[in-house]
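An overview of the molecular structure
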Amino acid sequence: MPESAACFSDQGWLYSGPDLSCRWRHSPHHNARPQGCGPQLVVIHGISLPAGDFGGPWVDTLFMHGLTANSPHGLSDLAGLEVSAHFFINREGLLTQYVSIHDRAWHAGVSVFEGRHNCNDFSIGIELEGTDSIPYTAAQMLTLGRTCQALAHDSPGITAVTGHSMIAPDRKTDPGPAFDWKSLADQLRLHGISWRIVPTPA
Ligand SMILES: [Zn+2]
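Here we summarise the structure given alongside this text. (Residues numbered from 1 in each chain as written. Predicted model: local features only at pLDDT ≥ 70, side-chain atom pairs only at ≥ 80, totals over all residues.)

1. A few points about unusual backbone geometry
Cis geometry is found at the peptide bond from aspartate 174 to proline 175, where omega equals 5 degrees. Residue position: proline 175 is located in the loop between α3 (164-167) and α4 (181-190). Going from valine 198 to proline 199, the amide bond is cis rather than trans, its omega being 15 degrees. Looking at the element boundaries, proline 199 is found in the segment after β11 (196-198). Located in the positive-phi region is histidine 73, a residue other than glycine, with phi close to 60 degrees. For histidine 73, the location among the structural elements is in the loop between α1 (58-63) and β4 (87-89). Of note in this structure, asparagine 118 is not a glycine but carries a positive phi near 55 degrees. One can find asparagine 118 in the loop between β8 (116-117) and β9 (123-129). (Helix = DSSP H or I, 4+ residues; strand = E, 2+ residues; numbered from the N terminus.)

Right, dumping it as structure tokens:
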């Protein structure tokens, strides 16, 4: 990894580098990982609020505990919901970090990966702004690759990347058929990352 690439602070927040800038927002929706448990898995998600609307403030508002009974677009139903992810990548590829990678973000919910339950304990959650059926943007995939590069450098315990639907198949469909696992494989190869991709791209 070139020394100029983005890296993490001692507190687990991603510094901007020449190829990747990261905005920090401290979500209240997190807690400590179990003692001795570091990141071992990356979970890819897709989200948009309202669904299919891009560019609005509502995912940020959700993660920052800002939705209320008066929120528009039917989002009042989500008031009080305590969810977050470590990272959010918007359609333009802009990256925001909401939770330190040392901490446990609340993105996976009831989940199991290869027999291990409670994936939030041992994973990094990355949300891409999107839907299951609209292709994610090239800018998003570039930022995702660079974020993975920084994660691989900081957290050698990570060995795999998967999708939310793979670890919560009864409840979740994201990131959906629109997510191009082959493109992710290309990004990982570009950055010399040897994580297993589950599912394996055809
Ligand atoms: Zn999800």
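Having seen the structure, we can now continue with the description.
2. A closer look at α4
Among the residues of α4, those classed as buried are Leu184, Gln187 and Leu188. Buried residues of α4 fall within an arc of 100 degrees about the axis and therefore sit on the same side. Of the exposed residues in α4, the ones pointing more than 90 degrees away from its buried face are Lys182 and Arg189. Contacts from the buried residues of α4 go to α2 (138-154) and β11. Following α4 by one or two positions, glycine 192 adopts a phi angle in the positive range, close to 70 degrees. (Buried ≥ 20, exposed ≤ 12 C-beta atoms within 10 Å, placed from the backbone. Arc of directions from axis to C-beta. Contact = placed C-beta atoms within 7 Å.)

3. Section: the sheet that holds strand β3 (residues 41-47)
If you trace the seven strands from one edge of the open sheet to the other, you get β1-β5-β4-β9-β3-β10-β11, paired in mixed fashion. If you trace the sheet from one side to the other, it starts and ends with β1 (22-24) and β11, each paired once. Across this sheet, the average inter-strand angle for adjacent strands is 25 degrees, counted without regard to direction. For β3 and strand β10 (residues 160-163), the ladder comprises four bridges, and the chain directions are parallel. In the sheet register, isoleucine 44 faces β10, and the bridge partner there is glycine 163. Lying over the sheet, α2 contacts β3, β4, β5 (95-97) and β9, oriented at roughly 165 degrees with respect to β9. (Pairing = 2+ DSSP bridges. Axes fitted to C-alpha atoms, helices over the stretch in contact; angles between N-to-C directions.)

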